[in-house]
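Take a look at the letters that make up each chain.
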Amino acid sequence: MGIKNLLFPTKNLCYLCKDRNGVVVDFICNECRERLVFSNKEVDLDTDLIHRTIYCLSYNKYLKEIVHDFKFNDKSYLYKPLAELMFITIKNKEIKDIDLIAYIPIHRKKEAIRGYNQSELLASYIGEVLYLPISRNNLIKYKWTKEQNTLNRSERLKNLKDSFTIRNPNEFINKRILLIDDLITTGSTFKECANLIMEIGAKSVTCLALSSSKS
Ligand SMILES: [Zn+2]
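Residues numbered from 1 in each chain as written. Predicted model: local features only at pLDDT ≥ 70, side-chain atom pairs only at ≥ 80, totals over all residues.

Caption draft 1: Spatial organisation of the overall build of the protein. When helices and strands are tallied, the protein shows eight helices and nine strands. Of all 215 residues assigned to the protein, the portion counted as buried reaches 34%. Of the contacts made within the protein by residues no fewer than 6 positions apart, 70% connect residues no fewer than 24 positions apart. (Helix = DSSP H or I, 4+ residues; strand = E, 2+ residues; numbered from the N terminus. Buried ≥ 20, exposed ≤ 12 C-beta atoms within 10 Å, placed from the backbone. Contact = placed C-beta atoms within 7 Å.)

Caption draft 2: Quick look at the pairing of strand 9 (residues 204–212). Most of strand 9 sits inside the fold, with eight of its nine residues counted as buried. Two strands pair when backbone bridges link them, and strand 4 (residues 52–58) and strand 9 are joined in this way by six bridges, in the parallel orientation. Bridge pairing in strand 9 places T53 opposite C207. Summarising the sheet, strand 8 (residues 176–184) and strand 9 pair through eight bridges and their orientation is parallel. Each bridged residue has a counterpart across the sheet, and for L183 the counterpart in strand 9 is S211. The handedness of the strand 8 to strand 9 crossover, carried by helix 8 (residues 188–199), is right-handed. (Pairing = 2+ DSSP bridges. Right-handed = clockwise from strand over helix to strand, strands pointing away.)

Caption draft 3: Highlighting the environment of D44. Relative to the helices and strands, D44 is located in the loop between strand 3 (38–43) and strand 4. You can call D44 exposed: it has 9 C-beta atoms within 10 Å. C-alpha separation for the pair D44 and L100, spaced 56 residues apart in sequence, amounts to 22 Å.

Caption draft 4: Representation of helix 3 (residues 61–72). In this model helix 3 runs 16 Å from its N-terminal to its C-terminal C-alpha over twelve residues, within 8% of the 16 Å that 1.5 Å per residue would give. Within helix 3, the full set of buried residues consists of L63, I66, V67 and F70. Buried residues of helix 3, viewed axially, fall in a sector of 95 degrees; they line one side. More than 90 degrees from the buried face of helix 3, the exposed residues found are K61, H68 and F72. Packing partners of the buried residues in helix 3 comprise strand 4, helix 4 (79–92), helix 6 (118–130), strand 8 and strand 9. Once helix 3 finishes, D74 follows within two positions and takes phi at roughly 70 degrees, a positive value. (Expected span 1.5 Å × (residues − 1). Arc of directions from axis to C-beta.)

What follows is the structure, encoded as C-alpha coordinates:
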(Lines give C-alpha, C1' and ligand atoms only; values in the text may rest on other atoms or scores of the structure.)
Protein backbone atom coordinates (compact mmCIF):
# COMPACT_ATOMS: atom_id res chain seq x y z
CA MET A 1 0.00 0.00 0.00
CA GLY A 2 1.40 3.37 -1.02
CA ILE A 3 1.46 6.46 1.15
CA LYS A 4 -1.39 7.96 -0.87
CA ASN A 5 -3.77 5.31 0.40
CA LEU A 6 -2.80 6.15 3.95
CA LEU A 7 -3.40 9.85 3.42
CA PHE A 8 -6.82 9.47 1.85
CA PRO A 9 -8.96 7.11 3.92
CA THR A 10 -11.44 6.63 1.09
CA LYS A 11 -10.97 2.93 0.54
CA ASN A 12 -12.93 1.55 -2.38
CA LEU A 13 -14.46 4.87 -3.34
CA CYS A 14 -14.38 5.54 -7.07
CA TYR A 15 -13.89 9.28 -7.53
CA LEU A 16 -15.49 9.18 -10.96
CA CYS A 17 -18.79 7.36 -10.29
CA LYS A 18 -18.83 7.51 -6.44
CA ASP A 19 -19.46 3.78 -6.34
CA ARG A 20 -17.96 1.74 -3.52
CA ASN A 21 -18.68 -1.74 -4.83
CA GLY A 22 -15.99 -2.20 -7.45
CA VAL A 23 -12.28 -2.81 -7.26
CA VAL A 24 -10.75 0.65 -6.99
CA VAL A 25 -7.17 1.36 -8.06
CA ASP A 26 -5.82 4.91 -7.95
CA PHE A 27 -9.29 6.37 -7.24
CA ILE A 28 -10.95 4.68 -10.25
CA CYS A 29 -13.10 1.54 -10.30
CA ASN A 30 -12.75 -1.14 -12.95
CA GLU A 31 -16.00 -0.17 -14.62
CA CYS A 32 -15.00 3.47 -15.06
CA ARG A 33 -11.53 2.47 -16.16
CA GLU A 34 -13.06 0.43 -18.98
CA ARG A 35 -14.89 3.50 -20.25
CA LEU A 36 -11.63 5.42 -20.59
CA VAL A 37 -9.44 4.84 -23.61
CA PHE A 38 -5.72 5.49 -23.45
CA SER A 39 -4.25 7.25 -26.47
CA ASN A 40 -0.73 7.97 -25.19
CA LYS A 41 -0.47 10.01 -28.32
CA GLU A 42 2.36 12.18 -29.53
CA VAL A 43 1.09 15.27 -31.40
CA ASP A 44 2.97 17.37 -33.92
CA LEU A 45 2.22 21.02 -33.21
CA ASP A 46 4.47 22.15 -36.02
CA THR A 47 6.99 24.07 -33.95
CA ASP A 48 10.65 23.57 -33.03
CA LEU A 49 10.09 25.24 -29.69
CA ILE A 50 8.36 22.22 -28.14
CA HIS A 51 10.40 19.11 -27.49
CA ARG A 52 7.38 16.78 -27.38
CA THR A 53 3.60 17.17 -27.07
CA ILE A 54 1.71 14.21 -25.67
CA TYR A 55 -1.78 13.54 -24.46
CA CYS A 56 -3.08 10.75 -22.35
CA LEU A 57 -6.69 9.77 -23.10
CA SER A 58 -8.99 9.91 -26.09
CA TYR A 59 -11.69 12.53 -25.72
CA ASN A 60 -14.67 10.19 -25.68
CA LYS A 61 -18.14 10.92 -24.32
CA TYR A 62 -17.29 9.68 -20.85
CA LEU A 63 -14.10 11.69 -20.47
CA LYS A 64 -15.83 14.75 -21.89
CA GLU A 65 -18.34 14.65 -19.03
CA ILE A 66 -15.60 14.17 -16.45
CA VAL A 67 -13.54 17.07 -17.79
CA HIS A 68 -16.64 19.25 -17.83
CA ASP A 69 -17.36 18.38 -14.19
CA PHE A 70 -13.74 19.03 -13.31
CA LYS A 71 -13.72 22.50 -14.85
CA PHE A 72 -17.24 23.80 -14.49
CA ASN A 73 -19.07 21.83 -11.80
CA ASP A 74 -16.78 22.49 -8.88
CA LYS A 75 -15.44 18.92 -8.73
CA SER A 76 -11.86 19.89 -8.05
CA TYR A 77 -11.15 16.54 -6.35
CA LEU A 78 -11.14 14.91 -9.81
CA TYR A 79 -7.52 15.98 -10.16
CA LYS A 80 -6.49 12.88 -8.22
CA PRO A 81 -7.77 10.15 -10.57
CA LEU A 82 -7.00 12.30 -13.64
CA ALA A 83 -3.41 13.00 -12.61
CA GLU A 84 -2.92 9.29 -11.86
CA LEU A 85 -4.00 8.55 -15.45
CA MET A 86 -1.53 11.14 -16.73
CA PHE A 87 1.16 9.52 -14.66
CA ILE A 88 0.56 6.26 -16.56
CA THR A 89 1.25 8.16 -19.79
CA ILE A 90 4.39 9.71 -18.32
CA LYS A 91 5.70 6.20 -17.71
CA ASN A 92 4.41 4.78 -20.98
CA LYS A 93 5.88 7.57 -23.14
CA GLU A 94 9.05 7.71 -21.03
CA ILE A 95 8.76 11.38 -20.20
CA LYS A 96 11.86 11.96 -18.10
CA ASP A 97 14.77 14.33 -17.51
CA ILE A 98 12.49 17.09 -16.26
CA ASP A 99 13.72 19.79 -13.86
CA LEU A 100 10.55 21.76 -13.24
CA ILE A 101 6.82 21.39 -13.73
CA ALA A 102 4.70 24.29 -14.96
CA TYR A 103 1.04 24.53 -15.93
CA ILE A 104 -1.09 26.57 -18.27
CA PRO A 105 -2.44 29.48 -16.23
CA ILE A 106 -5.94 30.86 -16.34
CA HIS A 107 -6.83 34.50 -15.80
CA ARG A 108 -7.00 35.43 -12.10
CA LYS A 109 -10.63 36.49 -12.47
CA LYS A 110 -11.53 33.14 -13.94
CA GLU A 111 -9.62 31.39 -11.17
CA ALA A 112 -11.45 33.46 -8.57
CA ILE A 113 -14.80 32.43 -10.02
CA ARG A 114 -13.86 28.74 -10.37
CA GLY A 115 -11.94 28.63 -7.11
CA TYR A 116 -9.00 26.75 -8.62
CA ASN A 117 -7.01 26.23 -11.78
CA GLN A 118 -7.60 22.63 -12.88
CA SER A 119 -4.21 22.43 -14.63
CA GLU A 120 -2.40 23.61 -11.51
CA LEU A 121 -4.08 20.84 -9.51
CA LEU A 122 -2.98 18.23 -12.06
CA ALA A 123 0.56 19.65 -12.13
CA SER A 124 0.79 19.70 -8.33
CA TYR A 125 -0.15 16.06 -8.03
CA ILE A 126 2.24 14.99 -10.80
CA GLY A 127 5.01 17.03 -9.17
CA GLU A 128 4.42 15.28 -5.85
CA VAL A 129 4.51 11.84 -7.42
CA LEU A 130 7.68 12.62 -9.39
CA TYR A 131 9.33 14.59 -6.54
CA LEU A 132 9.73 17.59 -8.83
CA PRO A 133 9.27 21.28 -7.99
CA ILE A 134 6.29 23.22 -9.36
CA SER A 135 6.53 26.67 -10.81
CA ARG A 136 3.59 28.63 -9.39
CA ASN A 137 2.29 32.05 -10.37
CA ASN A 138 5.24 32.68 -12.62
CA LEU A 139 3.79 31.93 -16.03
CA ILE A 140 0.60 33.97 -15.85
CA LYS A 141 -2.29 34.89 -18.07
CA TYR A 142 -2.92 38.58 -17.81
CA LYS A 143 -5.20 39.21 -20.74
CA TRP A 144 -8.84 38.22 -20.46
CA THR A 145 -9.59 36.10 -23.52
CA LYS A 146 -12.66 34.41 -24.90
CA GLU A 147 -12.96 30.62 -24.59
CA GLN A 148 -10.89 29.18 -27.43
CA ASN A 149 -13.60 26.75 -28.50
CA THR A 150 -15.98 29.60 -29.38
CA LEU A 151 -13.59 30.99 -32.00
CA ASN A 152 -12.34 30.04 -35.44
CA ARG A 153 -8.69 29.35 -36.16
CA SER A 154 -7.48 32.85 -36.99
CA GLU A 155 -9.49 34.36 -34.15
CA ARG A 156 -7.94 31.82 -31.79
CA LEU A 157 -4.41 32.82 -32.67
CA LYS A 158 -5.20 36.52 -32.36
CA ASN A 159 -7.07 35.86 -29.12
CA LEU A 160 -4.00 34.35 -27.43
CA LYS A 161 -1.37 36.66 -28.83
CA ASP A 162 0.44 38.43 -26.00
CA SER A 163 -2.02 37.19 -23.39
CA PHE A 164 0.60 35.35 -21.28
CA THR A 165 3.68 36.63 -19.51
CA ILE A 166 6.47 35.38 -17.22
CA ARG A 167 7.13 37.30 -14.03
CA ASN A 168 10.45 35.76 -13.02
CA PRO A 169 12.45 34.45 -16.01
CA ASN A 170 15.25 33.16 -13.75
CA GLU A 171 13.11 30.28 -12.58
CA PHE A 172 12.99 28.84 -16.11
CA ILE A 173 16.50 29.58 -17.35
CA ASN A 174 18.36 26.43 -18.39
CA LYS A 175 15.56 24.19 -17.13
CA ARG A 176 13.80 21.31 -18.81
CA ILE A 177 10.15 22.11 -18.26
CA LEU A 178 7.14 19.81 -18.25
CA LEU A 179 4.14 21.98 -19.12
CA ILE A 180 0.74 20.61 -18.06
CA ASP A 181 -2.73 21.40 -19.37
CA ASP A 182 -6.08 19.62 -19.16
CA LEU A 183 -7.10 19.75 -22.80
CA ILE A 184 -5.50 20.48 -26.16
CA THR A 185 -8.12 22.31 -28.24
CA THR A 186 -5.98 23.70 -31.05
CA GLY A 187 -2.50 23.50 -29.59
CA SER A 188 -2.09 27.26 -29.78
CA THR A 189 -2.06 27.69 -25.99
CA PHE A 190 0.81 25.23 -25.60
CA LYS A 191 2.63 26.89 -28.49
CA GLU A 192 2.18 30.41 -27.15
CA CYS A 193 3.42 29.45 -23.65
CA ALA A 194 6.29 27.25 -24.87
CA ASN A 195 7.38 30.10 -27.09
CA LEU A 196 7.55 32.45 -24.11
CA ILE A 197 9.37 29.94 -21.90
CA MET A 198 11.96 29.11 -24.57
CA GLU A 199 12.43 32.79 -25.43
CA ILE A 200 13.67 33.55 -21.92
CA GLY A 201 16.22 30.74 -22.00
CA ALA A 202 14.70 27.43 -20.88
CA LYS A 203 16.47 24.31 -22.12
CA SER A 204 13.37 22.47 -23.33
CA VAL A 205 9.59 22.33 -23.01
CA THR A 206 7.65 19.07 -23.03
CA CYS A 207 3.86 19.47 -23.15
CA LEU A 208 1.50 16.99 -21.53
CA ALA A 209 -2.29 17.16 -21.59
CA LEU A 210 -4.97 14.89 -20.21
CA SER A 211 -6.77 14.77 -23.54
CA SER A 212 -7.23 16.48 -26.88
CA SER A 213 -10.30 17.66 -28.75
CA LYS A 214 -8.08 18.72 -31.66
CA SER A 215 -9.18 17.00 -34.87
ZN1 LIG B 1 -16.28 4.28 -11.06
